[in-house]
Amino acid sequence: MTRGAQAQRKVEFSPEPTKERQTFAAPARLPRLSDYAGIFLIAGSVLLFELALTRIFAVILWAHLAFMVVSTALFGFGLSGVYLALRPRAVVNRRANLSLLALIVAVAILGAYWTVVNVPFQMWNFHEDSSNFLKLALWYGALVVPFFFAGLLIAELLSSYPARSARLYGVDLLGAAAGSLALIPVIPYAGGVGTVVVAAVCAALAALCLARPEQRTMRGATLALLAVLAWLVPNADEVLPLQYHQNKRRFNTAVDNDQILATRWSPLSKVDIAVHRQDIYDIWIDGGTNESAIYAWSGNLETLQPLEWHSSAAIYAVKRG
């Protein structure tokens, strides 16, 4: 075999070197510590706001209707999910401005409260005043907004970091639990209105945590809002006072006549002490939902007289008879 044939055979039987395509999976993006703080704060904010509203609704409406706030919150969260499902996929995959969403939640919390106390919805007067249908719609619309944007924020965070979605969701649950427990110490100190403002503070802090370093305008606006809210917490009752739309027993009359001597909030109720007459004080629970009385007493048992005029004394009259 000649050298040319050998070379030709070598070319024919020697396979050309192949280039193996090496594919490397892109490293999964991991959330920052500030992302965990943001989802924790926003979850705590909306839960604290929701529970504060149940107490406020018990005062300005009635106790058995206070928990319509829960259904409204669930509707707001569900509506955010429907919105995300219907958006074009290209938009869903783009990370939203999380800081802006949190800031909207903070402002929407204050806006929802303002609507509730300034739109005079009369729940028993639908037949006499048809404008109550519009007022109720305004209430629902305002109340849905903060929960809707909070749902968008939480969903965007979870979808932005699929590799850590379980951890983010766990922190979300912890934040919700912390917000619920926070009602116990916060509402006796800040009152019902002040607790709403504290919830807005938590949402604004979430906006500060989620703001990127280059978002200087967003950080400045958030810090300005936080300064206003910090001043508002101890002054909430004076700046954003409750308006009592329902006339429950004589409580509204006592408020109008400046007869309220003291007011205390607890996680269970709002209690007001008012002057009824010289020797009797009224105890109003949840703005007149329930009523009791305190009688003046010198400490001497001999001065106490049986309440023969009261229906509760009937059984004693029968026993004596």
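Keep in mind that what you see is a predicted model, and the values were worked out from it rather than measured. (Residues numbered from 1 in each chain as written. Predicted model: local features only at pLDDT ≥ 70, side-chain atom pairs only at ≥ 80, totals over all residues. Heavy atoms only, no water.)

## So, the overall build of the protein chain
When helices and strands are tallied, the protein chain shows 11 helices and four strands. For the protein chain, the proportion of its 321 residues judged to be buried stands at 39%. By sequence separation, contacts in the protein chain at least 24 residues apart represent 68% of the contacts at least 6 residues apart. With an accessible surface of roughly 18800 Å², the protein chain has 62% of that area assigned to carbon and sulfur atoms. (Helix = DSSP H or I, 4+ residues; strand = E, 2+ residues; numbered from the N terminus. Buried < 20%, exposed > 50% of the residue type's maximum accessible area, 1.4 Å probe, protein only. Contact = heavy atoms within 4.5 Å. Areas by Shrake-Rupley, 256 points an atom, 1.4 Å probe, with all protein chains shown as cover.)

## Quick word on the confidence of the model for the protein chain
Taken residue by residue, the protein chain gives an average pLDDT of 83. The fraction at 70 or more is 86%. Considering only residues more than four positions removed or in separate chains, one finds that residues 91-95, a stretch of pLDDT under 50, has 11 contacts. (pLDDT = per-residue confidence, 0-100.)

## Details of the pairing of strand β2 (residues 270-277)
As defined by bridge partners, strand β1 (residues 260-265) adjoins β2 across five bridges and the pair is classed as antiparallel. Considered in β2, the bridge of R264 is made with V271. Taking the residues between adjacent antiparallel strands as the criterion, β2 and strand β3 (residues 280-285) are bridged by two residues. (Pairing = 2+ DSSP bridges.)

## Notes on the packing of aromatic side chains
On inspection of all chains with the given rule, the structure shows eight aromatic pairs. A ring pair is formed by F251 and W284, whose centres lie 6.0 Å apart and whose planes are at 70°; its orientation type is edge-to-face. Linking F251 in helix α10 (residues 251-256) with W284 in strand β3, this pair joins segments that are 33 residues apart in sequence. For the residue pair F251 and W284, the accessibility class agrees, reading buried in each case. Among the aromatic residues, ring-to-ring pairing joins F49, F77 and F147 into one connected group. Here the guanidinium or amino end of K248 rests over the ring plane of W62, the centre of that ring lying 5.0 Å away. (Phe/Tyr/Trp six-rings, centres within 6.5 Å; stacked < 30°, edge-to-face > 60°. Lys NZ or Arg CZ within 6 Å of the ring centre and 35° of its normal.)

## Topic: unusual backbone geometry
A positive phi angle, near 55°, is found at D258, a position not held by glycine. Along the chain, D258 turns up in the loop between α10 and β1. Of note, the phi angle at D286 is positive, near 55°, even though the residue is not glycine. Within the secondary structure, D286 is located in the loop between β3 and β4 (290-295). With a relative accessible area of 7%, D286 lands in the buried category.

## So, the nonpolar core
I42, F57, W139 and L242 are the most contacted members of the largest nonpolar core, which totals 73 residues. Secondary-structure elements contributing two or more residues to this core are α2 (33-60), α3 (68-86), α5 (98-118), α6 (131-160), α7 (165-210) and α8 (216-232). Looking at this core, the element that brings in the most residues is α7, giving 17 residues. Ignoring sequence-local partners within four residues, the contact set of W139 consists of F57, I60, L61, M68, T115, V116, V119, F121 and H245. (Core = buried A, V, L, I, M, F, W, Y, C linked by side-chain atoms within 4.5 Å.)

## Topic: α2
In this model, α2 (28 residues) spans 40 Å end to end at C-alpha, consistent with the 40 Å of a helix rising 1.5 Å per residue. Buried residues dominate α2, accounting for 22 of its 28 residues. (Expected span 1.5 Å × (residues − 1).)

## Observations regarding the sheet that holds β3
Read across the open sheet, the four strands follow the order β1-β2-β3-β4; overall the sheet is antiparallel. Two strands bound the open sheet, and with one partner strand each, they are β1 and β4. Averaged over all pairs of adjacent strands, the angle between their axes in this sheet comes to 25°, without regard to strand direction. (Axes fitted to C-alpha atoms, helices over the stretch in contact; angles between N-to-C directions.)

## Some details on the packing of α7 against α8
At a minimum axis distance of 9 Å, the contact between α7 and α8 shows a crossing angle of 160°. Of the possible angle classes, the one that applies to α7 and α8 is roughly antiparallel. α7 and α8 meet at a crossing whose hand is left-handed. Where α7 abuts α8, its residues V197, A200, V201, A204, L205, A207 and L208 lie against R219, T222, L223, L225, L226, L229 and L232. The residue inventory of the contact of α7 with α8, partitioned by class, reads 12 nonpolar, one polar and one charged. (Parallel < 35°, antiparallel > 145°, perpendicular 65-115°, else oblique. Left-handed = near helix turned anticlockwise from the far one by under 90°. Nonpolar A, V, L, I, M, F, W, Y, C, P; charged D, E, K, R; others polar.)

## As for the side chain of S45
Examined against the element boundaries, S45 turns out to sit in helix α2. Ignoring anything within four residues of it in the chain, the contact list for S45 reads I109, A199, C202 and A203.

## Digging into the environment of L47
Mapped onto the elements of the fold, L47 is located in helix α2. C-alpha of L47 to C-alpha of A73: the two residues are 26 residues apart in sequence and 9.2 Å apart in space. Residues within four places of L47 in sequence aside, it is in contact with A176 and S180.

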